[in-house]
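What the coordinates show
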There are 2 protein chains.
Amino acid sequence: MKPLHAPIYEALMKHAGDNPASFHVPGHQSGQVWRGLRGLMPHRAKDEWTQTFAEIMKLDVTELSSTDDLHHPEASIKEAQRLAAQAYDADATYFLVGGSTSGNLAMLLAVCDPGDLVIVQRNVHKSVINGLRLAGANAVFVTPRSDARTGLAVAPSVEQIEEALRRYPMVKAVFLSNPNYYGLGVELERYADAIHRYGIPLLVDEAHGAHYGHHPELPLSAMQAGADAAVQSTHKTLPALTMGAMLHVQGERLNRERLEQALALVQSSSPSFPIMATLDISRAMITSFGEAMFQSAISHALELRSWLQETGMLIQDAGRASDQEIIRKPDNKVGAESKSSWLRDPLRIVLHDSTGRLSGHQLKKELEERGCWAEMSDSAYVVLLIGAGTSREQMERLKEAVLSIHRHLIQVVAPSDKSLNRQPDYSLHADTAMWRGDLEAIGEPVSFEGGWYRNDPSIRVPVREALGKRAAEMVVPYPPGIPLLYAGEKLTGAHIAQIERLASQGANFQGARDPRMETIAVYID
Amino acid sequence: MKPLHAPIYEALMKHAGDNPASFHVPGHQSGQVWRGLRGLMPHRAKDEWTQTFAEIMKLDVTELSSTDDLHHPEASIKEAQRLAAQAYDADATYFLVGGSTSGNLAMLLAVCDPGDLVIVQRNVHKSVINGLRLAGANAVFVTPRSDARTGLAVAPSVEQIEEALRRYPMVKAVFLSNPNYYGLGVELERYADAIHRYGIPLLVDEAHGAHYGHHPELPLSAMQAGADAAVQSTHKTLPALTMGAMLHVQGERLNRERLEQALALVQSSSPSFPIMATLDISRAMITSFGEAMFQSAISHALELRSWLQETGMLIQDAGRASDQEIIRKPDNKVGAESKSSWLRDPLRIVLHDSTGRLSGHQLKKELEERGCWAEMSDSAYVVLLIGAGTSREQMERLKEAVLSIHRHLIQVVAPSDKSLNRQPDYSLHADTAMWRGDLEAIGEPVSFEGGWYRNDPSIRVPVREALGKRAAEMVVPYPPGIPLLYAGEKLTGAHIAQIERLASQGANFQGARDPRMETIAVYID
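Residues numbered from 1 in each chain as written. Chains lettered and ligands numbered in written order. Predicted model: local features only at pLDDT ≥ 70, side-chain atom pairs only at ≥ 80, totals over all residues. Heavy atoms only, no water.

Turning our eyes to something else, we now look at the packing of aromatic side chains. For any two aromatic rings, the description comes down to two numbers: the centre-to-centre distance and the angle of the planes. Scanning all chains against the criterion turns up 16 aromatic pairs over all chains. Their ring planes at 90° and their centres at 6.2 Å tell us that W49 of chain A and Y9 of chain B sit as a pair that is edge-to-face. On the criterion of chain membership, the pair formed by W49 of chain A in helix α3 (residues 43-59) and Y9 of chain B in helix α1 (residues 7-17) is interchain, its members lying in two chains. As far as the burial class goes, W49 of chain A and Y9 of chain B line up, both buried. Taken together, the ring pairs in this structure connect Y9 of chain A together with W34, W49 and F53 of chain B into an aromatic cluster. (Phe/Tyr/Trp six-rings, centres within 6.5 Å; stacked < 30°, edge-to-face > 60°. Helix = DSSP H or I, 4+ residues; strand = E, 2+ residues; numbered from the N terminus. Buried < 20%, exposed > 50% of the residue type's maximum accessible area, 1.4 Å probe, protein only.)

Shown next, in the form of structure tokens:
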């Protein structure tokens, strides 16, 4: 096992250990502020605040000659990023302190001049659309294929991407998001090969896959599959503080100087050292522990899945995707076809109520009331993450919670109820079911030129009166933060039904003026 | 004294105290990751990492129903922002997790459509220019007035701003930066009055003044002076973690819906709760302690200034700005005129070597070697911050360091040396001296339309061969991060002399391809 070596963390500890007299920002002065104000402060607050923040504040320094500068790394940050590039099979790695959001913005700003066209998977995080808006680019959205059993949108097929490339050979890049929020993904190698034949880069939002490629039971990472740039939310599945992420690049298809300028543009000029230190530590653990780092988590998840099945819980793991995807048949009806083989993140548990009584949101709430906090819910599913920090005791609590909800469901569901143990039609339940055939697989280019903010005259109307109008705001249910509608897009009946279903189930619409989404802003055309 | 009440911090502590089983991001799982991997980890690392991060990681959670969502606050964040608006005399306050950078970007994106014109003080932080680039706006840069004694650029006069408004009545906003990095500023009330007569908003980058307005010896804050929006780096002078900042707004001149959209666009969709909690705590301390919070720091700074003068140290505080400003006389020579009355931040000490032997960068290094870490240096000055966390012991260490450097200087400076105790011409030494009269006070509009990235053909040339060419890159010595040249601007002799002087003194050029700035990219016109 390689020794643990984390240069940023070590430089910060060394500086703190030298007992410096700090006459610089930040204003907490290595956490000494509460000591300085001890005469004013109630004991309880002083002790509690000191205990909570003192250790982290020692590392929370500014750019000093003993530390380094993220926007011009020459010392510990340079070394840490070099080690990260090695660990993640990249040519170069950039540490991000603004989350995957900043990486997605920077990738698009690095690739697109105003009016440039890119092919973009439709179910992307809103930061990708924001990148298109800031860049003033145009996008061809490609509808993803959905899993037949769960109804979950995954990614467009290689054939769809190839068709889009044939129709729009002038595109500057292809942007994919992989894996999705539910841990389902595709094999990116074939995509990379197809896209590289056009001489353009494949950009990947790999926010949910920061752990990929580091264990035989985990899918390959985007870098390993040949992507030109990939953004990973290190904080999501590795032990980094929230907003800690990485951008990996390889090859020559991306202008790296421009990318670096874009990163300096979208990120704080005072980046957080504690966040960078945990990126460094996360990488050090990957380097040192390798696959052993994920072994207990994978075992925990496997054991839970077996338990759910063997005990016949009414709450089941829907994550076992089928080998089929939903297709549109020649007669325009929707069917399933054995074609795809989704890759799955073993560390995501996707729970659902097999009786169909509890929506995902309700199931999440039931789990919370039993002390188990999930990552997110939609109308059908609850996503839970298992990690290296998940203990046996926590897994037992989760089982107890599921068992308790199961018993409650048994009581309310009559034994004669047909829904009991019936395989529900998840494709109708899932939030993403709308993608099945409602929208053309390869859309017309959507323009984001002319300024990020559209101030054409608009009015607010009740959602059900918006049929056929162009949305004047993005509609983004959160989580998972995937835009359902982009500003400028025409509302269909499927859009309206979807918004109403989500609103009635208590979803939050991030960034919308009316977070309950009873009304929507539309352009007066 | 009002009781300490910090709703975000309290909600986080309550959640952590409920001993939740966490099946969500972040991947450190409340810091339990190292316990989970204890079999793999060397004891030393595990104990050290746990000690450093465990407490903060308990608060580092995602958007949960027990916490809140920064981009759609409905619970603790909403309450904390409401209390902040009260404490900072604003109508509304937005917590920022991407530093003042994100606030400056958002203010400009909220005000400017592509091609819109704004009046901008020339010596602004690079994030302001980046905001113009992202918005595709055009800017009329107004050269700031400089202090006659120190040569430090402060701000344009009200009369300059009024003249710019008369010339360009179609502007959408005026953007000022106040106070500057050295703690010098202007009375913003008159500016606000003049600007409001044109019905447009005054936007202020108040990054260095998060503590303003909370003690009789501190200048008024931008909000108190009537600005429409102001960004404060709470982390710089109040006890918030790095990247924690606030955006305050008042009145109706700014489209708040658009501003909120811009904030959601530039900031992470997974904002850091520990950062938000320390913003909340900083505000709680202001509310509860009031001016008492700054009393010991102000006394420390005052005492140090007296000591420097009374003991006749060769290292002196240059922060005592004169009441004169540098002007260009009718005969085109440069002189001084008694006219202005700069406001000063009493908590910034601006040290310099009165013998002129040590540059600011060298003096900073000498202080560091004696354990005293300053905020920044330029060719003449070193800026030190005194805060509530500064102890008497630290002030003594600073005095000892100054005394030691003084003794060293005494030894190398012959008693007959004319430079000893001579009042140096700071206006020639200071980095910002170039602003004296080298550039027209009110420039021609500079266009940032057509995409943030200019890819007109350019070449790299040695800096001294760039006279008369248009820069193809921004030149930003850091600190203080104020752009010397904007991409697209023509290089003058003053620019070249300035770049060479800074490079020879070891300044860092952030974002430049050649950080030593021996060469510069220029457009082939």
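Further notes follow.
This part covers the sheet that holds strand β14 (residues 348-353) of chain B. Residues and elements named next belong to chain B. Reading across from one edge, β10-β14-β17-β16 is the order of the four strands in this open sheet, with antiparallel pairing throughout. Each edge of the open sheet carries a strand with a single partner, namely β10 (315-317) and β16 (376-377). Both β10 and β14 contribute to a ladder of three bridges, which runs antiparallel. Within the sheet, the bridge partner assigned to Q316 lies in β14 and is H352. Packed on one face of the sheet, helix α15 (residues 392-412) meets β10, β14 and β17 (382-385) and runs near 130° to β10. (Pairing = 2+ DSSP bridges. Contact = heavy atoms within 4.5 Å. Axes fitted to C-alpha atoms, helices over the stretch in contact; angles between N-to-C directions.)

This next bit is on the confidence of the model for chain A. Residues and elements named next belong to chain A. The pLDDT averaged across chain A works out to 89; a share of 89% of its residues lies at or above 70. Below a pLDDT of 50 lies the segment residues 418-439, which in the model reaches 62 contacts outside its immediate sequence neighbourhood of four places, other chains included. Across the interfaces of the predicted complex, the ipTM metric reaches 0.91, alongside a pTM of 0.91. (pLDDT = per-residue confidence, 0-100.)

Next up on the list: unusual backbone geometry. Residue and element names in this part refer to chain B. Backbone torsion omega between V25 and P26 reads -5°, so that peptide bond is classified as cis. Structurally, the position occupied by P26 is in the loop between β1 (21-23) and α2 (33-36). With an omega of -5°, the peptide bond running from N178 to P179 counts as cis. Locating P179 in the fold gives a position in the loop between β5 (174-177) and β6 (184-185). One non-glycine residue, S30, lies in positive phi territory at about 55°. Within the secondary structure layout, S30 lies in the loop between β1 and α2. Residue class for S30 comes out buried when judged on its relative accessible area of 18%. The residue M517 is not glycine, and still its phi comes out positive at about 60°.

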